[in-house]
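# Notes for the structure review
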Amino acid sequence: MTGIDNFWLNFAVALGIGLIIGAERERSKRRADSGAVAGIRTFAIVALLGAATFVTHIGLHIAALISIMIFISVAYYTNKSNDPGLTTEISLLFTFILGGLTIDYLSLAASLAILTALLLLTKKRIHGFVLKTVTSTELYEFLMLAAATLIILPLVPDEYLGPFNAINPRHLWLIVIFIMLIHIVSHLALRLLGQRIGLPLAGFLSGFISSTATVASMGERARSNPNLNETAICGATFSSLATIIQLALLLAVVHVETLYILKWPLCVAAVVIAAYGAFFTFKIFKKDHIKSSLKDKNFSIKTAIWFACMIAIVLVISAALKAWLGQKGLVIASGIAGLADSHSASISVASLAAAGKISHFDAVIPILTALSVNSISKGFMAIISGSKHYTVYVILGLIIQISGLWIGWWLFV
């Protein structure tokens, strides 16, 4: 513990904590004309009391804490206000605790005090956001995502299991979380930016996480709200563009020679899918009026779980082919692995080229195969998740992209 001569800084911070929180409570008390008994001076003294008793003796500190709790209880039950609340009383108790915390954890106490003052100051905004801005559907989806991330994910084992040790349960559950997250992000983008910009932008950004998951999420949204068909198609299309961009960036890191050979196929595929997405974007902006109904159904977690199960099956098949056929089955294994994730399959092949186990020319066909077969996964997810209109145009875009990919290879490689 710090020497007695250095405690002046700790007490100064404790006083500052009491003044900051107390000032906000004083203004709130005046605005509401409530019967709250604690103002700026009370908060400042309580913070100093917390610091002083903590320095003196822990027993005295606990006695002071109990005394303040009794004071708070009496003040609350004698308050004649119609809506007394508990915010000021709890803030006073927390201020005492922060005062004691300044002795050993100065920075933490100061940070928590600022955060507390901000929470108190933004009362109207927080209440307005929860009661007026957030819908019951959004709250349900957020709670589902929080439960999947904070409750279930820590319980899922992080090790490779199953046949050929091909399945990592935590990785599969992360995919489920990603799909749920993409759905929420696209919904927020839709509300904040509108249909013309929101879903296409959300689709493009989500494509860097998982384009296949984005196609499934956009399809779910298009099916639940037919008014969003074309904007969902844009989001799914631009997620495929993100796939090409991300693959190019990953190849640049893993093996730049492989990227150099694949530059034209990737460029052609990126240009044609970008043009296809731009066509639908132009159609959206050309419309004079777009209905903006946001009455989506609750997100179906079944879609995300089915998608994760499909990936698990593909991973087992891919691992089996690699074990049975070795490098002779590289193209087949890359194609099978591409059903689950084109990036992991492509990077695996590029890593072999970087290690000198295969030439970078031999890496081209397996990578193109992985990208092509991955489009089958996207098409399948569009079929099972989206409307007929959504499915037709998403699959058409995928065909155009893969055609551009192989035409670029045929012309330039």
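### Notes on the environment of Ala-148
Locating Ala-148 in the fold gives a position in helix H7 (residues 136–152). The exposure class assigned to Ala-148 is buried, which follows from its relative accessible area of 2%. Setting aside residues no more than four positions away along its own chain, Ala-148 makes contact with Leu-153, Trp-173, Ile-177 and Met-180.

### What to know about the pattern of salt bridges
Applying the stated rule across the entire model yields two salt bridges. Across the pair Arg-25 and Glu-24 runs a salt bridge whose closest N-O atoms are separated by 2.8 Å. Arg-223 is the salt-bridge partner of Glu-220, the closest N and O atoms lying 3.3 Å from each other. Of this pair, Glu-220 and Arg-223 both sit in helix H9 (residues 198–224), three residues apart, which is roughly one turn of the helix. On the basis of relative accessibility, which here comes to 9%, the residue Glu-220 falls in the buried class.

### Considerations on the packing of aromatic side chains
All told, the structure shown has five aromatic pairs when counted by the stated rule. An angle of 80° between the planes, with centres 5.4 Å apart, marks the rings of Phe-279 and Phe-280 as edge-to-face. Taking the relative accessible area as the measure of exposure, Phe-279 reaches 46% and is therefore partly exposed. Members of the aromatic cluster, connected to one another through ring pairs, are Tyr-276, Phe-279, Phe-280 and Tyr-393.

### Points about a nonpolar patch on the surface
A cluster of nonpolar side chains, contributed by Ile-58, Ile-62, Ile-66, Ile-70 and Val-74, occupies part of the molecular surface with about 450 Å² of accessible area. Note on placement: Ile-62 falls in helix H3 (residues 58–77). When its relative accessible area of 44% is taken as the criterion, Ile-62 is described as partly exposed.

### Things to note about the side chain of Thr-243
For Thr-243, the position within the fold is in helix H10 (residues 229–254). Within the structure, Thr-243 has its side chain in polar contact with the side chain of Ser-211 (distance 3.4 Å).

### Side note on the nonpolar core
If you look at the biggest cluster of nonpolar residues, it comprises 38 residues, and the most contacted ones within it are Val-215, Leu-251, Leu-262, Leu-266, Tyr-390, Val-394 and Leu-405. Elements represented by at least two residues in this core include exactly H9, H10, helix H11 (256–286), helix H15 (364–385) and helix H16 (388–412). Per-element tally for this core: the top contributor is H11, with 10 residues. In this structure, Ala-148, Ala-304, Ala-308 and Val-316 belong to the second largest nonpolar core, which totals 16 residues.

### Notes on the packing of helix H2 (residues 40–56) against helix H4 (residues 87–101)
Contact geometry for H2 and H4: axes closest at 6 Å, N-to-C directions at 35°. Between H2 and H4 lies a crossing of right-handed hand. Here Thr-42, Phe-43, Val-46, Ala-47, Leu-49, Gly-50, Ala-51, Thr-53 and Phe-54 of H2 come into contact with H4, specifically with Thr-88, Ser-91, Leu-92, Thr-95, Phe-96, Gly-99 and Gly-100.

Rules behind the numbers
Residues numbered from 1 in each chain as written. Predicted model: local features only at pLDDT ≥ 70, side-chain atom pairs only at ≥ 80, totals over all residues. Heavy atoms only, no water. Helix = DSSP H or I, 4+ residues; strand = E, 2+ residues; numbered from the N terminus. Buried < 20%, exposed > 50% of the residue type's maximum accessible area, 1.4 Å probe, protein only. Contact = heavy atoms within 4.5 Å. Salt bridge = Lys/Arg side-chain N within 4 Å of Asp/Glu carboxyl O. Phe/Tyr/Trp six-rings, centres within 6.5 Å; stacked < 30°, edge-to-face > 60°. Patch = residues over 30% accessible without salt bridge, like charges linked within 9 Å, V, L, I, M, F, W, Y side chains within 5 Å. Areas by Shrake-Rupley, 256 points an atom, 1.4 Å probe, with all protein chains shown as cover. Polar contact = N/O pair within 3.5 Å; in protein donor to acceptor, adjacent residues only side chain to side chain. Core = buried A, V, L, I, M, F, W, Y, C linked by side-chain atoms within 4.5 Å. Axes fitted to C-alpha atoms, helices over the stretch in contact; angles between N-to-C directions. Left-handed = near helix turned anticlockwise from the far one by under 90°.

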